Every structure is written in C-alpha cells, then in structure tokens.
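# Analysis of the macromolecular model
Each chain, written out:
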Amino acid sequence: MNIVILSRNPNLYSTARLLEEAEKRGHKVEVIDPLKCDIIIEKEKPTIYYKDRYLDYVDAIIPRIGASVTFYGCAVVRQFEEMGVFTIASSDAILRSRDKLKSLQRLSKAGIGMPKTVFTNYSRDVEEVIEHVGGTPVIIKLLEGTQGLGVVLAESKNAAESVLEAFNGLQARVIVQEFIKEAKGADLRALVVDGQVVGAMKRQGKEGEFRSNLHRGGSANIIKLDADELKLAMNAAKVLKLPVCGVDMLQSGRGPLLLEVNSTPGLEGIEGATHKNIAKAIIVFIERNRKS
C-alpha cells in the first residue's frame, strides 16, 4: 500500500514508529505536512497537491494532526476521504473529539460515566457552579487545552472565583468538573485499535501535581483494566466513531469515569509502559480495513 502519515514533524516518536512499522510490513510510506497541502476542489475530481505532485496514488492515511492545526488538518483529511482514501480517523470524528464540550455531551447521553461537569456562559455566580459539581475542590479546564495545559485545581471557593474571573476576562471558555479525590493524582489511558483495547497504562502525577500527563513529569506503568474500565474505553471509542484513539479515565468510588478521548494519541508513553507494539497494531488495522 501507499500510506501517508499526516504529521508536521517526522522526528516525533509516534510518527517515526508508525513509519518504521509500515515499512517493515512492505508498505511505501511518506510523512506529509498537512499545512503544505493544497486542496483542489473540482467537479467529480477532488485532489490534493503537495509540493510538486498530486497525491492521487494514496491508499490510506494516518492523521497525526495537532490541536493547533485542527481546522486545516481536518480539511485535508476530509479531502482524502472524498478521494476514497481510507483513514484511521475521519475528519468528523477528529473534530468531534477536539470539541470537549460536544464530546462530553454525546458521551453522557450514551450513558458513559464521567465527573460531574458544568459549562456556563461566563457566570458570575461561582458559588452556584461549584455546588453543581459537589463543592470544592474543583477542576477548571480550558475547552481548548491539551497535555494538561489550561487545567487548574481550585481548592477553595475564593480560588475558583479568581480562576474563573481570570478566564472570563480573557473570554476563554471553560468547564468546571468535580475533583475525584480517590484517584490520587492518577489516571488510566487505554489505547483502542479497531474497537479493542490493545494496551493500557496508569499515569501518576509527580508529587504535589494533580495532573498525570507524562509531558508534565508524570510516570506511567502497565495496568490490567477491569471489565468496567474495558467497557468504558471501548464504548467511548464507539460513540465518537474513533476506531483508533486514546481513552483517559479516572478510578473512582463509583466506577471508572471518563476524562476525554484523544483522536491522535501519542505512542511513546503507552509503548514504553506496556512494551507492546501499538504502532504495528495500527498498521495491521489499516491492512484489514482499507477500502479496495
């Protein structure tokens, strides 16, 4: 097959591993910067032009699109879809997962457990918002935040008020969530491929840090998910129509609670913690499902 990895940096661990595994299995692989693609819209002949050629020979794509380039990146993915190219994540699914509020609304309707969450239109009644999620401490998250950025733990009403006022002053949209104390600064990441969990790790925040993101100095260890955790991960991926994704959840006294679903999960942490070849699993998934 001719496989294109849509990535702005070929040296990133995930991009390099996918390239390596695809080549090992005999495929021709290119890493292409989606921002350097021209989308050509023409009657019955949608095409993409990159550097000096038309990308009309591509069989499958692997989107590795950062949050900062979601709009144009998804436009490129959509154009490949119009050309009949197989993708491990559709443009609609990526957009759904990147909109934290919309995805939480959809997942909640599907019966998936999550921390109590409030979204408000710059409400000045902070006390009421805090009561909705069970009182302080609370987690305040930017809707556009990634890798733990724009996530604040407010331990008191005054702290929550100050943070919300600061975000409101910047006209930044935020959600307020209940703080799950029993999680003890840890979360679970399940990597789903073709609707099945192929690896899972427990990420622990460094001492004094409530965020468990590895980019923020957290650590990761392999974990075996219980039946409820497996079910949540697979259901979340199904609801958002993401056959390949990372599902983040917390362990709580009332069972696993979903944090978010990542449409372009990093592979370095999960492969390092589990010693499983996740990149190969993704390439095998493409081989099984590519449209003829």
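What comes next is a walk through the structure. (Residues numbered from 1 in each chain as written. Predicted model: local features only at pLDDT ≥ 70, side-chain atom pairs only at ≥ 80, totals over all residues. Heavy atoms only, no water.)

The next thing to look at is the overall build of the protein chain. Within the protein chain one finds 9 helices and 16 strands. When its C-alpha atoms are laid out on the principal axes, the protein chain stretches across 60 × 40 × 35 Å. Relative to its full complement of 292 residues, the protein chain shows a buried share of 47%. Sequence-distant contacts in the protein chain: of pairs separated by 6 or more residues, those separated by 24 or more amount to 65%. With the model as given, the accessible surface of the protein chain reaches about 14600 Å², and the carbon-plus-sulfur share is 47%. Each charge sign in the protein chain was given a centre, from 41 positive and 37 negative side chains, and these centres are 3 Å apart. (Helix = DSSP H or I, 4+ residues; strand = E, 2+ residues; numbered from the N terminus. Buried < 20%, exposed > 50% of the residue type's maximum accessible area, 1.4 Å probe, protein only. Contact = heavy atoms within 4.5 Å. Areas by Shrake-Rupley, 256 points an atom, 1.4 Å probe, with all protein chains shown as cover. Lys, Arg positive; Asp, Glu negative; His and termini not counted. Charge placed at Lys NZ, Arg CZ, Asp CG, Glu CD.)

Attention now moves to helix H9 (residues 278-289). The end-to-end C-alpha distance of H9, which contains 12 residues, comes to 17 Å, matching closely the 16 Å that a straight helix rising 1.5 Å per residue would cover. Along H9, the positions that sit buried rather than exposed are Ile278, Ala279, Ile282, Ile283, Phe285 and Ile286. Each buried residue of H9 lies within a common arc of 155° when the element is viewed along its axis, so the set occupies one face. Backbone nitrogen of Lys280 and a side-chain oxygen of the N-cap are separated by 2.9 Å at the start of H9; the cap is Asn277. (Expected span 1.5 Å × (residues − 1). Arc of directions from axis to C-beta. Polar contact = N/O pair within 3.5 Å; in protein donor to acceptor, adjacent residues only side chain to side chain.)

It is worth spelling out the side chain of Asp248 at this point. In this structure, Asp248 sits in strand E15 (residues 244-250). A polar side-chain atom of Asp248 sits 3.2 Å from a polar atom in the side chain of Arg203. Not counting residues within four places of it along the chain, the set of residues in contact with Asp248 comprises Leu188, Arg189, Arg203, Leu257, Leu258, Leu259 and Glu260.

This brings us to a positive patch on the surface. A cluster of basic residues, Lys102, Arg106, Lys109 and Lys241, forms a positive patch on the protein surface. Along the chain, the position of Lys241 falls in the loop between helix H7 (227-239) and E15. (Patch = residues over 30% accessible without salt bridge, like charges linked within 9 Å, V, L, I, M, F, W, Y side chains within 5 Å. Salt bridge = Lys/Arg side-chain N within 4 Å of Asp/Glu carboxyl O.)

Position of Gly66 relative to the elements: it lies in the loop between strand E6 (60-63) and helix H2 (70-82). In the structure, Gly66 is positioned 216 residues away from Ile282 in sequence and 19 Å away in space, judged by C-alpha atoms.

The subject of this paragraph is the sheet that holds strand E13 (residues 196-204). Across the sheet, 5 strands lie side by side as E14-E13-E12-E15-E16; this open sheet has antiparallel pairing. The open sheet is flanked by strand E14 (219-222) and strand E16 (257-262), the only strands paired with a single partner. Each strand of the sheet is rotated relative to its neighbour by a mean of 30°, with strand direction disregarded. Where E13 and E14 come together, 4 bridges link them in antiparallel fashion. Among the inter-strand pairings, Met201 is bridged to a residue of E14, identified as Ile222. (Pairing = 2+ DSSP bridges. Axes fitted to C-alpha atoms, helices over the stretch in contact; angles between N-to-C directions.)

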